Amino acid sequence: MPDPVVLNCPCGGVTLTLSAPPVTTFYCHCRDCRLVHGAAYTLEAMVPAASVAIDGETRTFTLKTTPRVFCARCGSRLTADLPSAGLRGVNGVLLPDFRAEMHINCESAISPVIDKLPHYLRMPAAFGGDGTLAEW
């Protein structure tokens, strides 16, 4: 990822500038992400929160404990904040070269996704989970 990377929501009303590459990338199958996106799973690029600058009018919605930032004009989801970890999940759809490293929260998946990536039932051990893999 070249430094910095400039991203826009679909309507162009909000610009995100990333000054650091992602710590990790993944497909999330948790129920919360599915509800917020209206999709079977979401694409997330986790970056250090301080490396994301947001310019434009946004709204924030918190589902349970995760604040999610949307474009005020088109409603596109831009980020999901994890303040306790100092990370911000950038909507992977906005990235021109998104490539996931893994699937997480597969115990909540609607249907198995068969690919060559690791599929964690919850989270990998490196991110505080037990590292148990789904047997798809």
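Here's what I pulled together on the structure shown here. Throughout this document, residue positions are counted from 1 along each chain, in the order its sequence is written. This being a predicted model, a pLDDT of at least 70 is required before a residue's local features are given, and a value of 80 or more before pairs of side-chain atoms are given or counted; all residues contribute to the totals for chains, interfaces and linings. Heavy atoms throughout the structure, all of them, feed into the side-chain values; hydrogens and water do not.

**Comments concerning the overall build of the chain**
Moving on, step 1. For the chain, the count of helices and strands is one helix and 10 strands.
Moving on, step 2. The secondary structure elements of the chain, listed N-terminal to C-terminal, are β-β-β-α-β-β-β-β-β-β-β.
Moving on, step 3. Relative to the compact-globule value of 14 Å for 136 residues, the chain shows a C-alpha radius of gyration of 15 Å, a close match.
Moving on, step 4. Once the C-alpha set of the chain is aligned to its principal axes, its extents read approximately 45 × 30 × 25 Å.
Moving on, step 5. The cut-offs for exposure are 20% and 50% of the maximum accessible area for each residue type, with area from a 1.4 Å probe on protein chains only; residues under the lower value are buried, those over the upper are exposed, and the others partly exposed. When each of the 136 residues of the chain is scored for burial, the buried share is 42%. Comment: elements are numbered from the N terminus, with helices defined as DSSP H or I runs of at least four residues and strands as E runs of at least two. Values of the radius of gyration come from C-alpha atoms, whereas the globule rule sets the reference at 2.2 Å times the count of residues to the power 0.38.

**A closer look at the nonpolar core**
Moving on, step 1. Among the buried residues, those of types Ala, Val, Leu, Ile, Met, Phe, Trp, Tyr and Cys that are joined through side-chain atoms within 4.5 Å form a nonpolar core. With 18 residues, the main nonpolar core has Leu-7, Leu-16, Leu-18, Leu-78 and Val-90 as its most contacted residues.
Moving on, step 2. If you list the elements that add at least two residues to this core, you get strand 1 (5-8), strand 2 (15-18), strand 4 (42-48) and strand 7 (66-71).
Moving on, step 3. One finds Cys-33, Met-102, Ile-104 and Tyr-120 within the second-largest nonpolar core, a separate group that totals nine residues.

**Some thoughts on the environment of Glu-57**
Moving on, step 1. One can find Glu-57 in the loop between strand 5 (52-55) and strand 6 (58-63).
Moving on, step 2. On a C-alpha basis, the gap between Glu-57 and Asn-105 in space is 31 Å, while along the polypeptide they are 48 residues apart.
Moving on, step 3. Contact between two residues is taken to exist if any of their heavy atoms lie within 4.5 Å; hydrogens are not considered. Beyond its immediate chain neighbours, meaning those up to four positions away, Glu-57 contacts Gly-13, Val-14, Phe-70, Cys-71 and Ala-72.

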